[in-house]
Protein chains: 4
Amino acid sequence: MVEWPTPLSANPSLQQQRPVDVVPLIEFDISLPSFKKMEMKLNAEILNEQNSRFIETHKPEYHFLAQSLEKKGVQVNDVIKKLQELQVAIPSWALGAGGTRFGRFSYQGEPASLENKISDVGIIHALTNTAGAISLHIPWDIPKDYNAIKELAASLDIKFDAVNSNTFQDQPSMNKSYRFGSLCNTDSSVREIAIQHNLEVIDTGKKLGSNSLTVWLADGSNFPGQQNFQEALQNTKESLKHIYKSMPDDWKLFIEYKPYEPNFYSTVIQDWGTSLMLAEGCGQRAYTLVDLGHHLPNTNIEQIVATLMMKGKLGGFHFNDSKYGDDDLTVGSVKPYALFLIWNELVYGMENNPNNPSPAWMIDASHNIKDPLEDLLQSLEAIQIAYAQALLVDQKGLQEAQKQQDATLCQEILQDAYRTDVRPLLREARLCSSAAIEPIASYRSLNIRNQLIKERGLHTVASGL
Amino acid sequence: MVEWPTPLSANPSLQQQRPVDVVPLIEFDISLPSFKKMEMKLNAEILNEQNSRFIETHKPEYHFLAQSLEKKGVQVNDVIKKLQELQVAIPSWALGAGGTRFGRFSYQGEPASLENKISDVGIIHALTNTAGAISLHIPWDIPKDYNAIKELAASLDIKFDAVNSNTFQDQPSMNKSYRFGSLCNTDSSVREIAIQHNLEVIDTGKKLGSNSLTVWLADGSNFPGQQNFQEALQNTKESLKHIYKSMPDDWKLFIEYKPYEPNFYSTVIQDWGTSLMLAEGCGQRAYTLVDLGHHLPNTNIEQIVATLMMKGKLGGFHFNDSKYGDDDLTVGSVKPYALFLIWNELVYGMENNPNNPSPAWMIDASHNIKDPLEDLLQSLEAIQIAYAQALLVDQKGLQEAQKQQDATLCQEILQDAYRTDVRPLLREARLCSSAAIEPIASYRSLNIRNQLIKERGLHTVASGL
Amino acid sequence: MVEWPTPLSANPSLQQQRPVDVVPLIEFDISLPSFKKMEMKLNAEILNEQNSRFIETHKPEYHFLAQSLEKKGVQVNDVIKKLQELQVAIPSWALGAGGTRFGRFSYQGEPASLENKISDVGIIHALTNTAGAISLHIPWDIPKDYNAIKELAASLDIKFDAVNSNTFQDQPSMNKSYRFGSLCNTDSSVREIAIQHNLEVIDTGKKLGSNSLTVWLADGSNFPGQQNFQEALQNTKESLKHIYKSMPDDWKLFIEYKPYEPNFYSTVIQDWGTSLMLAEGCGQRAYTLVDLGHHLPNTNIEQIVATLMMKGKLGGFHFNDSKYGDDDLTVGSVKPYALFLIWNELVYGMENNPNNPSPAWMIDASHNIKDPLEDLLQSLEAIQIAYAQALLVDQKGLQEAQKQQDATLCQEILQDAYRTDVRPLLREARLCSSAAIEPIASYRSLNIRNQLIKERGLHTVASGL
Amino acid sequence: MVEWPTPLSANPSLQQQRPVDVVPLIEFDISLPSFKKMEMKLNAEILNEQNSRFIETHKPEYHFLAQSLEKKGVQVNDVIKKLQELQVAIPSWALGAGGTRFGRFSYQGEPASLENKISDVGIIHALTNTAGAISLHIPWDIPKDYNAIKELAASLDIKFDAVNSNTFQDQPSMNKSYRFGSLCNTDSSVREIAIQHNLEVIDTGKKLGSNSLTVWLADGSNFPGQQNFQEALQNTKESLKHIYKSMPDDWKLFIEYKPYEPNFYSTVIQDWGTSLMLAEGCGQRAYTLVDLGHHLPNTNIEQIVATLMMKGKLGGFHFNDSKYGDDDLTVGSVKPYALFLIWNELVYGMENNPNNPSPAWMIDASHNIKDPLEDLLQSLEAIQIAYAQALLVDQKGLQEAQKQQDATLCQEILQDAYRTDVRPLLREARLCSSAAIEPIASYRSLNIRNQLIKERGLHTVASGL
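Residues numbered from 1 in each chain as written. Chains lettered and ligands numbered in written order. Predicted model: local features only at pLDDT ≥ 70, side-chain atom pairs only at ≥ 80, totals over all residues. Heavy atoms only, no water.

Identification of chain A as Putative sugar isomerase from Flagellimonas maritima is taken from an unreviewed UniProt entry.

What follows is the structure in structure tokens.
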């Protein structure tokens, strides 16, 4: 008996869907053709059937809200269109259970292969129309059959977003260790191994149709004196320049920063300033990547976003949430207003900073106790909510109020957008994209986790963290 | 020409109210009888006229929301009633401009007397029906004519909430200094002065009909070694016991805690644990008071609230908001979700902890750049929004989901309440109480700040911080 | 070829000891009798030989310092005696390499068995005379042959300190999971499993001669709403009371607190106030245990120590250091002055709070990149330095300066003690105890890590974290 | 009777100097010629007499230490020379009592004029030979008679360090307000006022012989939405460029950063990355200035120092200390090891980064409860101690250990330097410079504060914060 994936009851209409036991509505088959068939069913018939249960509640809510927004001057159709267009990459490592240094509670039906991971993203994308990309982590996700993998992804309408290198864990093939750093290492032979690994990641990405590389370094030190800051930064810069030059001409390099962990005294790329310095050192197609969790307590992240977009150097964005450190919690579960304020800057930048390319969006969360797919569905919902709220901000009114130095009014304008219940807009956007009005309710109603368990077994373990 | 108080434009209907110049609708007169008359007009005719502009938009929004909530099982009338009943005290020192150690930008038309301050609270209360109390700070607010003051307050439906002592600033009459502490001082004669001051504050409170004393101590140290922790705590305990015993039998003592500032190495009552220890040492009617801003970075305040209510020891609550320290910003302006989570615990505790008395609510904010009255109106709105959202939480569903260890569902339930746009409920509650549907819009439309400037002048300075 | 354990060069005299290759001075044999023999050699002959290299430098340094301190009124012999008496327990899990959620770089020659772990502590103790106890973690360290283990420990002069339960990782035998908590779980059958586990830990401890139990709970939640704070605290209290009552009459219960991690939204015992509440709820022999790393940013830990000692409720102390969170770094490697200030309160409390029992001392660190034994040697040195400095504080002068409110002088007094180079006192204390004048230099000179690798192999993995 | 400035007792030899009552050894006279005479006496006869009391203890301590350091390869004479050369500017505003937003406890004998302030610095410099510069804040310190002021300063061997502008407080002459920012203001006429003020500050500095301008901006916002981040940054950049171009060709511009306060949501120049961006935008002679207190919790400041020096862009350094925020406490009173680590990077950078100019050193502290002069003496001592310790670091050994990835040894090397009691080196450096062996003891023994009170009165108030 499967105990864990109990259903939703937040919404009374959802409570009726609570499955007493597992009645497979759809047969999953991980052999490629039948999976595609399943997927098609999930997209069309099945989702229609699901949506039929919610559409009567949804329609009047949407129309009432749309009318009210139109009166305020909002172009609701534009908002819907933008919501439909937003696509957020799912990292391959987020589809299994994560853990902490104290251990990991494994989840049932975890994806045991790259095919499984892509299928999982396919499910999320079918339900939301917001997860049309996957971000692979090498060496965890090296495809065996590139064509089959590309075909599978294409069949699910999934693109290959930035590829990620891993130089924070030693690989069996290595005769040296990253214990004291990779691209920054005092030992040039270790740096060389790390550079070569990145080149291989680029190769893998090229074969899959990706066109960007994300470099996150765990490099740093645990103790004062362990590392020469200047030399470590210099080595990192040279290594990154080497990698940058080896990228195809249309690729972008995203350089992540993080103040601490896994090193607890210093990290080589501790903040956006360092990342930007390195990106500028590499060249035009090197950018800073902002991960929400990678900041010291109380950092004003939205201001960093604004500064980077003004410089045309915000390349990517990793979503998650946290209360204390890099907790990698569900997006929007702890500080939804901060998320909105960040989106407010992102929306402003996308309108006003033509020199900044469209950022690469990704969820970088860890799912320690929830069903990973449900967690990702909640994250996508939170991202879309904040985005929709930011789209509702009366930008013209705000600029006028700022000019008049009317702080009360500025706050009213932002809060008016934030306090609006935008969920009907999200539902409408999904409905228009043939996705699910209520993704989590449908996920539970369709017993998807139980299907995955049936297919994959209780005790598979996802590769990755 | 008065430049500063520009009007609202967030809501298109409000933008039309933008006053081009100051046309006094109502004549303010600080002599008591006429002020009361003005106030009556503000309550009835004037507010009706104001509300007439918003009622057409409000009514359908309210009915649509109420219907939707009723379907989910919410007793909307109960929610409205609870919103009407919530009364939050305004501290007398919050009616003028605050500042920082770097200076203070004074505000125009600040209240120059206790009468002015009560009038200001009267305006806020008339507009919101949520500010039916004032919290005085002695010695800044010692009444000259108790009866007149009580009559004025009663005429505006304002009660006298907890009185506050001040032992963090030396008074001209003192021949000793609080530089090295008050109730904790190593010099017993300084402790005695501080105790006597508290007894005088109690006396003032008794004459006004207050029935509680809030003690916030700035006592602490700036440097390691400066203070003997144990002795300071012991002295504080003895001093508080003395004060506690001197209170009338129906009074409560609220003991505030704060980790730092104005002392920057240690404060004698650094956290809730210390405050609770002292409260238990004093007796049954001594309680801990929680001020939102008085916590270290990332503190889980809602959990502290839950623990204190379980112990029956949460006596009072000071609202404000902050991003870094004890910033005393407008309530809900930075972390509205945290405010909601706290209200969720408060609502739970008020339902489930009969041993905990109804907490004393107060706003403890500083208004450095906004019109203090507008800032307080925004704070009250934020408090009511979070309270309303917390009242919408499906407590039964939540408990069931917690029991089933369904973390996804728990989050859905909380967020479903939080994401609801509850503003129509607040408007309805105010409308039913003959207050303003849109308090800030009406405040601006009525040119109230300009009236106050006319009465009081541009350069009055409020007593207090 | 063994590359990693390179030798010391900080001290020129040490640089000469740099071993070019591994020449085994002593033969290690893990069979009990020969190991004891080796140990005896380490204590007497070998250490004498080692010390002979340092004694000429040490003696004048010690005498010069002692003379200077005696002039200031310090009883140097008393200080030496106290340093000799201080014994800090080594936790069994700290003898292997630790890691982070991102991975773990294993160390060579890690202890693969409980016997190995005790031997490792024996080495540290022989070198320092400060590590005369081991703290076991169950189920990682359940002895197979109790008598043999006790005999081994006794032969190395090692006592069994507090035993530690583990309810944060599921055990193979469990048919339920701690995923949603152990002693706090909403499911009484999970609580029962966790309670029973604690009782078994007590049993193990009894057989070994331990007389205290340390309970650290990972219980908490990752998301708002996931857990009912009051119920979780109530369940924890009841569970702890059950455990408390099951302890032998001469046992103590130590209740640890921690604000976050592995849970990232809340932990049931988030701070000392909660721990104290639970300890008081259990009874007289239940105490709060302070772990340096378990605090929010900027917490004044020394003040917590003072408060707990005043209440007679400081039961134990876990040493480590950190810059950001619970980083578990080498003691004194990041904030040595904070460590001194804490020791200043500990020394004061041990003198002035007879109602507080002598606290149980333990190092709770993780050794991610250093040789664990070297890391522990550095930690013990830092603990002893801070303790020695605290013993030098002119307590009488300090109290007088505090009374006179002379903040400048208070600081001078503390800093005078802190700025003293007390290392000659530590060396003398070790010399008088037949331990090593320079523990790390001797550890390297004796090639001990290489010996362990020879015995145990390169790739053993310590049980535990 | 003067109660407050009680004497030192930390050192038994000092305790004998405790003055029972005020016996003026020297007559202070603020008329210029006699003051100079007094000063000469302080430098020569009087200080000799003071030093005669300490020299017998000092000499053997110094020689013992020097001998021991020479054995380790330290060139002690070089260290002494470097200590003698280090000159730290005293800001004019630090000579009176500071305060918090809750109030200010004034100090007796505060300097009431610029002449008084320079005299105070003269006293500190005579005692320490480390305070040979003053940093003025305009408009608080505009000289009336430039020649007289320059003459006074020269007579005391005091230079004019960077001049500081103040655009965070409105001046009586202004018809606009900095309430919503200065160099960033949306209103170009406010920006113009702020720019003009800076040009006037440069003029004042030129007349005094200063050759650098420090710009610290309080600009920022208290509420989300209040300010357009990009526009504010753009305006600030343009304003700074204007100021930069108006500086003489040999001047430097120092741009300070700070994450919060007095604004509590955002500050325009929130971090070093933003400051560097602005400095690079201005030109070659624009630099970043690091103030220790201006960082978020847990920031690795030493790494920032290293990065800026590598870039050749560390222009100045403000010393102070803090536990929570920008507490402006006595240097070294809370985190002396962090100060040492920073000095370690400064020393490394001064050796290895010829492109970085010699940084401008200043103490930026606030003296809320101590005698400001004593506080500054303690700060200078702490700066020199950390500098001396950093000079003792075995740089070659450290680099070798880093190269060998020997984290244990790296830590040993740093801690060996840090744990050394370097005070004899400071005393020797002062003795060789005809300053005081024990500055605070002599300050008290000479009853200097009482002399100042006699001259200036009890209730003077220093201009400035």
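Next comes the rest of the account.
Time to look at the overall build of chain A. Counting its regular elements, chain A contains 17 helices and eleven strands. By the compact-globule yardstick of 23 Å for 465 residues, chain A fits well, its C-alpha radius of gyration being 22 Å. If you line up chain A on its principal axes, its C-alpha atoms span 65 × 60 × 40 Å. Buried residues in chain A amount to 71% of all 465 residues. For chain A, restricting intrachain contacts to residue pairs at least 6 apart in sequence, the fraction spanning at least 24 positions comes to 79%. Chain A carries 42 positive and 56 negative side-chain charges, and their two centres are separated by 1 Å. (Helix = DSSP H or I, 4+ residues; strand = E, 2+ residues; numbered from the N terminus. Rg over C-alpha atoms; globule rule 2.2 N^0.38 Å. Buried < 20%, exposed > 50% of the residue type's maximum accessible area, 1.4 Å probe, protein only. Contact = heavy atoms within 4.5 Å. Lys, Arg positive; Asp, Glu negative; His and termini not counted. Charge placed at Lys NZ, Arg CZ, Asp CG, Glu CD.)

For the rest of this paragraph, the subject is the side chain of Gln405 of chain D. Tracing the backbone through its elements, the reader meets Gln405 of chain D in the loop between α13 (395–403) and α14 (407–419). Here Asn185 of chain A takes part through its side chain, which lies 2.6 Å from a polar atom of the side chain of Gln405 of chain D. (Polar contact = N/O pair within 3.5 Å; in protein donor to acceptor, adjacent residues only side chain to side chain.)

Let's shift gears to the packing of helix α11 (residues 336–352) of chain A against helix α12 (residues 372–392) of chain A. All names here are of chain A. At a minimum axis distance of 8 Å, the contact between α11 and α12 shows a crossing angle of 60°. Viewed along their axes, α11 and α12 adopt a mutual orientation that is oblique. Between α11 and α12 the crossing geometry is right-handed. Every residue of α12 that contacts α11 at Leu339, Phe340, Trp343, Asn344, Val347 and Met350 is listed here: Ala382, Ile383, Ala386, Tyr387, Gln389, Ala390 and Leu391. When the residues that make up the contact of α11 with α12 are grouped by side-chain class, the tally is eleven nonpolar, two polar and no charged. (Axes fitted to C-alpha atoms, helices over the stretch in contact; angles between N-to-C directions. Parallel < 35°, antiparallel > 145°, perpendicular 65-115°, else oblique. Left-handed = near helix turned anticlockwise from the far one by under 90°. Nonpolar A, V, L, I, M, F, W, Y, C, P; charged D, E, K, R; others polar.)

Along an α-helix, a turn takes 3.6 residues, which lines up residues three or four apart on a common side. All names here are of chain B. The first and last C-alpha atoms of helix α12 (residues 372–392) sit 30 Å apart over 21 residues, in line with the 30 Å expected at 1.5 Å per residue. The element α12 is extensively covered by neighbouring structure, given that 21 of its 21 residues are classed as buried. With a side-chain oxygen positioned 2.8 Å from the backbone nitrogen of Leu373, the residue opening α12 is Asp371. (Expected span 1.5 Å × (residues − 1).)

With an axial shift of 0.0 Å and an RMSD of 0.0 Å, the rotation relating chain B to chain D amounts to 180°. Such a turn and shift between the copies fits a two-fold axis. Relative to the rotation axis, the closest C-alpha in chain B is found at Arg101 of chain B, a distance of 2.2 Å. Interface residue correspondence from chain B to chain D reaches 100%, placing this contact among same-surface, isologous pairings. (Least-squares fit on C-alpha atoms with pLDDT ≥ 70 in both.)

What follows covers the pairing of strand β11 (residues 360–363) of chain A. Residues and elements named next belong to chain A. Burial along β11 is two-sided: Ala360 and Met362 facing one way and Trp361 and Ile363 facing the other are all buried. Pairing geometry for strand β10 (residues 314–319) and β11, over four bridges, is parallel. Bridge pairing in β11 links His318 to Met362. In the classification by handedness, the crossover that spans β10, the intervening α11 and the parallel β11 is right-handed. (Pairing = 2+ DSSP bridges. Right-handed = clockwise from strand over helix to strand, strands pointing away.)

Mean pLDDT for chain A: 91, with 90% of residues reaching 70 or above. The model gives residues 1–40 of chain A a pLDDT under 50, and that stretch makes 92 contacts with residues more than four places away or in other chains. (pLDDT = per-residue confidence, 0-100.)

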